[in-house]
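# Coordinates in review
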Amino acid sequence: RSFGFTISLSGGADSCACTALCGLMVRLGDESIGFEALKEKLNYIPEVKNTKTIEELTEKLILTIYQGTENSSDDTLNSAKNLAESIGAQFMKININGLVDSYTHLIEDQIGRKLSWGTDDIPMQNIQARVRAPGVWMLANLHNHLLLATSNRSEVAVGYVTMDGDTEGSISPIAGIDKDWLRTWLIWLEKTGCEVKGKHIKIEGLKYVNALQPTAELRPKDNKQTDEKDLMPYKVLNHIEQLAIRDKKSPVECFRNLEKFYENQYSREDLFNWTNRFFKLWSRNQWKRERYAPGFHLDTHNLDPRSWTRFPILSGGYVFELEKLKEHYEGKSDVGGRKKIGF
């Protein structure tokens, strides 16, 4: 019985995907039962009664807000604005620099020193994500909306999110979808589209996000921050996740698979480092997965501990297994991970 959906629309792939899904939802509802019947289904929402077109209905149901800082770019603002306009959603934009500065100065006064990117990188990134949450929650409350969380499965796997920041939401539509597939889907939705009433509905406003490299935009612009620079290529991350979590492979088994699969694409050193990084980040971030908004089971597996993938919050962190991986990488063990025996 909520009145619609609110989305913190950053202009990146994840929030754009959630916004596009909401736009498709309204049009597919119209196709399924017709505009008047759809309005009747939603007659408990006061503003729906007087809508005359599907575009007016969309505007009443979907609210987006772009919350920029000095580290945000015109590219992501244009991406967010054009997508919202292309599906007919409400669009708002605010600057949260003042909020970030207020929190930063309060803490600097207490610890007796200035924060800097050289010594306080993660806290300075996270405060930007966290101060976005209260405002978007306020909008959702004001409109009696569900707030949509926008984390994808690849981020869920390695904890590449800010708790009480970009994880905030009532439900998480794309938590079961990996980032590599999601980006492919966004291109399909821009260029081919979803068949509705015998014609393909394309969301051409997605051309802006599809031209961007995924980035959190939390570091200064001259850092040229990207998700894959922080983590690893998303296709590799998804590959490791499937091997390690879905197929229950050990770090050595995962690495051997990657060596064969990507032998002409990535160096052996990179593949070793990415495998090592995945298992460490996976182990450290189960507490985050326990707190994500509910998602959906859409694939061969998902990472929601309430519906599919259980893992202890406190674990051994794969310390023994990663030592075997290192031995294998350095040529000190055979393919089974056992010590080589000299002859």
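In this report, the structure presented in the accompanying data block is examined. (Residues numbered from 1 in each chain as written. Predicted model: local features only at pLDDT ≥ 70, side-chain atom pairs only at ≥ 80, totals over all residues. Heavy atoms only, no water.)

Quick look at the overall build of the protein now. Counting its secondary structure elements, the protein contains 16 helices and six strands. In terms of C-alpha radius of gyration, the protein reaches 22 Å, essentially the compact-globule figure of 20 Å for 343 residues. In terms of overall dimensions, the protein has C-alpha extents of about 85 × 55 × 35 Å along its principal axes. The 343 residues of the protein split such that 49% are buried. Considering only residue pairs separated by 6 or more positions, the protein has 67% of its internal contacts joining residues 24 or more positions apart. In the form shown here, the protein has an accessible surface area of approximately 17400 Å², with 54% of it arising from carbon and sulfur atoms. (Helix = DSSP H or I, 4+ residues; strand = E, 2+ residues; numbered from the N terminus. Rg over C-alpha atoms; globule rule 2.2 N^0.38 Å. Buried < 20%, exposed > 50% of the residue type's maximum accessible area, 1.4 Å probe, protein only. Contact = heavy atoms within 4.5 Å. Areas by Shrake-Rupley, 256 points an atom, 1.4 Å probe, with all protein chains shown as cover.)

Turning our eyes to something else, we now look at the pairing of strand β1 (residues 5-8). Relative to strand β2 (residues 62-68), β1 is paired through four bridges, and the arrangement is parallel. Across the sheet, residue Ile-7 finds its bridge partner in β2, namely Thr-64. Pairing of β1 with strand β4 (residues 146-147), which is carried by two bridges, proceeds in the parallel orientation. Counted as the bridge partner of Thr-6 is Leu-147 from β4. (Pairing = 2+ DSSP bridges.)

Right, let's get into the pattern of salt bridges. Following the criterion strictly, the structure yields 18 salt bridges and no others. Put simply, Lys-197 and Asp-30 hold a salt bridge, and the shortest N to O gap is 3.1 Å. In this pair, Lys-197 sits in the loop between β5 (194-196) and β6 (199-201) while Asp-30 sits in helix α1 (residues 13-33), placing the two residues 167 residues apart along the sequence. In this structure, Arg-153 engages Asp-299 in a salt bridge whose closest nitrogen and oxygen atoms are separated by 3.1 Å. (Salt bridge = Lys/Arg side-chain N within 4 Å of Asp/Glu carboxyl O.)

Attention now goes to the sheet that holds β2. In spatial order, the strands read β3-β2-β1-β4; together these four strands make up an open sheet with parallel pairing. The open sheet terminates on both sides in strands that have one partner only, identified here as β3 (90-95) and β4. Across the sheet, helix α3 (residues 54-61) lies against β1, β2 and β3, angled at about 55° from β2, the strand it touches most. Along the sheet face, helix α7 (residues 132-142) touches β1, β2, β3 and β4 and points at about 160° away from the line of β2. (Axes fitted to C-alpha atoms, helices over the stretch in contact; angles between N-to-C directions.)

Looking now at the environment of Cys-194. For Cys-194, the location among the structural elements is in strand β5. Judged by its relative accessible area of 17%, Cys-194 falls in the buried class. Along the backbone, Cys-194 and Leu-28 are 166 residues apart, and their C-alpha atoms lie at a distance of 9.3 Å. Contacts of Cys-194, omitting those with residues within four sequence positions, involve Leu-24, Leu-28, Trp-188, Leu-189, Lys-199, His-200 and Ile-201.

Looking now at the side chain of Thr-226. Inspection of the secondary structure puts Thr-226 in the loop between α10 (207-210) and α11 (227-230). Apart from the residues within four sequence positions on either side, Thr-226 is in contact with Tyr-160, Gln-213, Pro-214 and Thr-215.

Turning our attention to the packing of aromatic side chains. One pass over the structure, following the stated rule, counts twelve aromatic pairs. Summarising the aromatic geometry, the rings of Phe-311 and Tyr-318 are spaced 6.3 Å apart at their centres and angled 10° between planes, so their arrangement reads as stacked. Taken together, the ring pairs in this structure connect Phe-278, Phe-279, Trp-282, Phe-311 and Tyr-318 into an aromatic cluster. In this arrangement the basic side chain of Arg-1 is found over the ring face of Tyr-44, its NZ or CZ atom lying 4.0 Å from the centre. Geometry around Trp-282 places Arg-289 over its ring, the cationic atom sitting 3.5 Å from the centre. (Phe/Tyr/Trp six-rings, centres within 6.5 Å; stacked < 30°, edge-to-face > 60°. Lys NZ or Arg CZ within 6 Å of the ring centre and 35° of its normal.)

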